[in-house]
Amino acid sequence: MPDRGTLPIERRYRAATVYAGTLFAVLLTGLPASAQTIAQSGGRAEVCAGNNGGITLAPGFCATVFADNLGHVRHMAVAPDDVLYVNSWSGRYYHFDKPPAGGFLVALRDTKGDGHADVIERFGDGIPQGSAGGTGIAYYNGAIYAEQNDKIIRYALPTNSGSIAPKGLPEIVVSGLPLTGDHPMHPFIIDAQGHIFVDLGSATNSCQIDNRMPSSPGHDPCTELETRGGTWRYDANKTDQHFSAAERYATGLRNGEGFGIDSAGRLFATQHGRDQLSQNFSKLYTAKESAQQPAEELVLLQQGADYGWPECYYDRFQQKLVLAPEYGGDGGHKVGVCAGKTAPVAAFPGHWAPNDLLIYTGTAFPAAYRDGAFIAFHGSWNRAPEPQGGYNVVFQPLKDGKAAGDFVVFADGFAGAIKEPRQAAFRPTGLAMAPDGALYISDDTHGRIWRVAYRGSPDAPVAPAPAVVAAANSGEPGPPEGVHPDAGRPSANSLPIPPGATKEQVALGDRIFHGEAAGGTCAGCHGSDAKGGPQAPSLASGHWFVGDGSLSWITEIIANGVPRPHDYEVPMPPKGGAPLSDSDVAAVAAYVWAIGHAAAKQGER
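Described in the following lines is the structure provided in the data block. Within each chain, residues carry numbers counting from 1 in the order of the written sequence. This being a predicted model, a pLDDT of at least 70 is required before a residue's local features are given, and a value of 80 or more before pairs of side-chain atoms are given or counted; all residues contribute to the totals for chains, interfaces and linings. Values shown for side chains rest on all heavy atoms present in the structure; no hydrogens or waters enter the calculation.

## Side note on the overall build of the protein chain
Stage number 1. Secondary structure elements follow DSSP: runs of H or I of four or more residues count as helices, runs of E of two or more count as strands, with numbering from the N terminus. For the protein chain, the helix and strand inventory stands at eight helices and 32 strands.
Stage number 2. Here the term buried applies to any residue with accessible area under 20% of the maximum for its type, exposed to any over 50%, and partly exposed to those in between, with areas from a 1.4 Å probe on protein chains only. The 605 residues of the protein chain split such that 58% are buried.
Stage number 3. Whether two residues are in contact is decided by their heavy atoms: any pair within 4.5 Å suffices. Taking the intrachain contacts of the protein chain between residues at least 6 apart in sequence as the baseline, contacts between residues at least 24 apart amount to 63%.
Stage number 4. Looking at the protein chain as shown, the accessible area adds up to about 22900 Å², and 51% of this sits on carbon and sulfur atoms. Here the open area of atoms and residues is found with the Shrake-Rupley method and a 1.4 Å probe, where only the protein chains shown may cover a residue.

## Quick notes on the sheet that holds strand 26 (residues 392–396)
Neighbouring strands of a sheet are bound in pairs by backbone hydrogen bonds; such pairs are parallel or else antiparallel.
Stage number 1. A sheet is described by the order of its strands in space; here five strands give the open sequence 3-29-26-25-24, paired in antiparallel fashion. One side of each edge strand has no neighbouring strand; the edge strands of this open sheet are strand 3 (56–57) and strand 24 (354–359).
Stage number 2. Note: two strands are recorded as paired if DSSP finds a minimum of 2 bridges between them. One ladder, built from five bridges, connects strand 24 with strand 25 (residues 373–377); its direction is antiparallel. Bridge pairing links P354 to F377 in strand 25.

## Side note on the sheet that holds strand 7 (residues 105–109)
Stage number 1. Within the open sheet, the four strands sit side by side as 5-6-7-8. Their pairing is antiparallel. Of all strands in the sheet, those bounded by a partner on one side alone are strand 5 (73–78) and strand 8 (119–123). Going from strand to strand, the sheet's axes swing by 25 degrees on average, the running direction of each strand aside.
Stage number 2. Two elements, strand 7 and strand 8, share five bridges in a ladder whose sense is antiparallel. Bridging across to strand 8, V106 finds its partner in R122. Interaxial angles span 0 to 180 degrees and are taken between N-to-C directions of axes, which are lines fitted to C-alpha atoms, for helices over the stretch in contact.

## Structural notes on the pattern of salt bridges
Stage number 1. A pairing counts as a salt bridge when a side-chain nitrogen of Lys or Arg comes within 4 Å of a carboxyl oxygen of Asp or Glu. Taken as a whole, this structure holds 16 salt bridges when the rule is applied.
Stage number 2. Put simply, D275 and R254 hold a salt bridge, and the shortest N to O gap is 3.1 Å. With D275 in the loop between strand 19 (267–271) and helix 3 (277–280) and R254 in the loop between strand 17 (248–251) and strand 18 (259–261), this pair connects stretches of sequence that are 21 residues apart. When sorted by exposure, D275 lands in the same class as R254, which is buried.
Stage number 3. In this structure, a network of salt bridges that share partners links the residues D182, R212, R254 and D275.

## Structural notes on unusual backbone geometry
Peptide bonds are trans in most cases, and residues, glycine excluded, mostly fall at negative phi.
Stage number 1. Of the consecutive residues W309 and P310, the connecting peptide bond is found in the cis state with omega at 0 degrees.
Stage number 2. Relative to the assigned elements, P310 resides in the loop between strand 20 (296–300) and strand 21 (312–315).
Stage number 3. Going from A384 to P385, the amide bond is cis rather than trans, its omega being 5 degrees.
Stage number 4. Within the element layout of this structure, P385 appears in the loop between strand 25 and strand 26.
Stage number 5. Positioned with a positive phi, S215 is a non-glycine residue whose angle comes to about 65 degrees.

## Some thoughts on the nonpolar core
Stage number 1. Ranked by size, the top nonpolar core spans 27 residues in total, and within it L495, F513, I554 and V588 carry the most contacts.
Stage number 2. Put simply, the parts of the chain that give this core at least two residues each are helix 5 (503–513), helix 6 (522–526), helix 7 (551–560) and helix 8 (582–604).
Stage number 3. With eleven residues, the single largest contributor to this core is helix 8.
Stage number 4. Each residue touching F513, except ones within four places of it in the same chain, is listed here: C522, A523, H526, G527, A530, L539 and Y591.
Stage number 5. The term nonpolar core refers to a set of buried residues drawn from Ala, Val, Leu, Ile, Met, Phe, Trp, Tyr and Cys, joined through side-chain atoms within 4.5 Å. By size, the runner-up hydrophobic cluster in this structure holds 25 residues, among which are A63, Y369, V408 and L439.

## Overview of the state of the cysteines
Stage number 1. Throughout, a disulfide means two cysteine sulfur atoms within 2.5 Å of one another. As enumerated under the stated definition, the model contains two disulfides in all.
Stage number 2. Across the disulfide from C207 sits C222; the S-S distance is 2.1 Å. Negative torsions about the S-S bond denote left-handed disulfides, and the value of about 100 degrees found for C207 with C222 makes this one right-handed. Here C207, found in the loop between strand 14 (195–200) and strand 15 (230–235), pairs with C222, found in the loop between strand 14 and strand 15; they are 15 residues apart in sequence, far enough to count as distant. In this pair, the class of C207 matches that of C222, namely buried.
Stage number 3. The partner cysteine of C312 in its disulfide is C338, sulfur to sulfur 2.2 Å. Taking the sign of the S-S torsion, about -100 degrees here, the bridge from C312 to C338 comes out left-handed.

## Brief notes about the pairing of strand 19
Stage number 1. Most of strand 19 is tucked away, with five of its five residues classed as buried.
Stage number 2. Burial of the side chains of strand 19 extends over both faces: L267, A269 and Q271 are buried on one face and F268 and T270 on the other.
Stage number 3. Adjacent in sequence and paired antiparallel, strand 18 and strand 19 are bridged by five residues, among which G265 carries a positive phi angle near 90 degrees.
Stage number 4. The pairing of strand 19 with strand 20 spans four bridges and is antiparallel. Its bridge partner being in strand 20, A269 is matched across the sheet by V299.

## A short note on the environment of N355
Stage number 1. Its place among the elements puts N355 in strand 24.
Stage number 2. The sequence separation of N355 and R427 amounts to 72 residues, and the corresponding C-alpha distance is 9.8 Å.
Stage number 3. Contact partners of N355, with chain neighbours within four places excluded, come to R74, H75, E257, G258, H272, A376, H378, P428 and T429.

## Topic: the side chain of Q388
Stage number 1. Turning to its location among the elements, Q388 is positioned in the loop between strand 25 and strand 26.
Stage number 2. On the basis of relative accessibility, which here comes to 14%, the residue Q388 falls in the buried class.
Stage number 3. A distance of 3.1 Å separates a polar side-chain atom of Q388 from the backbone oxygen of W381.
Stage number 4. Polar contacts involving the side chain of Q388 include one to the main-chain amide nitrogen of R383, which spans 3.4 Å.
Stage number 5. With residues near it in sequence (within four places) discarded, Q388 still touches S380, W381, N382, R383, K419, E420 and G524. Counted as a polar contact is a pair of N or O atoms within 3.5 Å, where, for protein atoms, one must be capable of donating a hydrogen and the other of accepting one, and residues adjacent in sequence contribute only when both atoms are in side chains.

## Let's talk about helix 7
Stage number 1. Considered for burial, the residues of helix 7 that qualify are W553, I554, I557 and I558. Buried residues of helix 7, seen end-on, are gathered within an arc of 130 degrees and therefore sit on one face of the element.
Stage number 2. Looking one or two residues past helix 7, G561 carries a phi angle of roughly 80 degrees, positive in sign. Note that the arc is defined by the directions from the helix axis to the C-beta atoms.

## Notes on the pairing of strand 31 (residues 439–443)
Stage number 1. The buried fraction of strand 31 is high, at five of five residues.
Stage number 2. By the alternation rule, side chains of strand 31 split into L439, I441 and D443 and Y440 and S442, which are all buried.
Stage number 3. In terms of strand pairing, strand 30 (residues 428–433) meets strand 31 through five bridges, oriented antiparallel. Across the sheet, the residue bridging to M433 is L439, located in strand 31.
Stage number 4. Linkage of strand 30 to strand 31, two consecutive antiparallel strands, is achieved through a turn of five residues, within which G437 is found at a positive phi near 95 degrees.
Stage number 5. Where strand 31 lies against strand 32 (residues 449–454), four bridges are found, and the strand directions are antiparallel. The partner of Y440 across the bridge, within strand 32, is R451.
Stage number 6. Where strand 31 folds back on strand 32, the antiparallel hairpin that results is connected by five residues, among which G447 adopts a positive phi of roughly 80 degrees.

These results come straight from atomic positions and should not be treated as a statement about function.
Here's what the structure looks like:
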């Protein structure tokens, strides 16, 4: 398939930034672009712009853009002196694009109390030293702990008030963490006793013998669980610890990502539900069912507990764990061994991707938010042909470690006009709480951080953010019908016709590609504009790095799939996992040939 290539960050995301413009805020919130709000937070007065940095928030809340253009910012931690520390990531997960120069760790301070970082210092290793950064970061006992490649390292914080970035070399706390497979990140949290709880996501989607391929059964037993798919525990007070199976704390978590601790010391974690039910088991699931299932989860993390992966997944509508198709499941009815697994305390729509969790223990927000869970949803790719979802921050009320009502969308509008991985303006990734109770939200697309403060009544109930209705380019009113995800999609009538094919085939292939016929799922990975994303390359670049780009070659690739793709994590199942007939395959091949050759022809001009 064609390779979308590697673009500098400033070019790659130039188009996305327009969605965070001034007029975008007018459409989302109805506030005048010049409006400013004074938010009292812990005795400081912050000036919040009327557009909240391009997002909508629950009533009574406002935001400033604390920092921007920092690279792929992942998780965050706040020291007692109010310095914010963030970890950023690069490498194969971001297709080796060019991050900002310097170390992957960043220290930020707001010396003026206006909600904007005016001191920013990078530290630690960068690409020249062989680092790809990481996700996990935490503050504990005067030090910053951070994930770097296969390690958790720690830096002693400076005691000199004139510096916020550590100057010394780090110590290695844990080494040898697994880096292979689908989930190479290592988020973690440190509790008051100094226990480091580390998430080790699975190497596969569902422990299949042939990962992400149709009808492939699961390994039984799933030996991957010996070293992946769970939470491991280490000691933050020790150095030179080495990963092994012996430190496993809990199992059956496909990809945990987010951790949080409530005021009673209870430990919670999120779980990314598995992908591709219909694509891999089309006889058991429709595309619509696969878009909605399985649920994303919030679990109460307990030592020795088994949360079900890969044998089970959580059905949000039946509110129970059911048997996965790789292990004898029949499409959501059989329970089997899942009766003995630990169910979540709360569940959320499928494929939203919960990338971080914060249990709110501050006092700056209304009492209704105390000990509840903020969850940053990175956004989906595996809901095609249904619309993608997530790209928001939700709040889940909790009481005594259990759900205490339905979740609400607390912050929205991050994606802008198009909720797709490559075209989203911003994707929520990290959460942290300041000493004064303010909330930080990070984005790993453009490297933006928001600081959210509260300005309303202390007795206000939990309420959702205003719905995002439309978006427009900065400085322009935009079309009255809004900006549609297919804006700019070439008409099938304007595309070249491959030899031996027909205009009708190209038109049908266009509809299948975009999920408008035959249950096509192509746009889920390749994007509605066919220009690629984190899961798959561009088909519209005119460049082919495998094969010759002929119609017969494209047809063969679509029919047989790509079990081991170049430079991408997600294999493509035969026919994209959709129930395509031979004539459907021929139509999609004709369309893919047409858009690729149209791009090549334009490049020759």
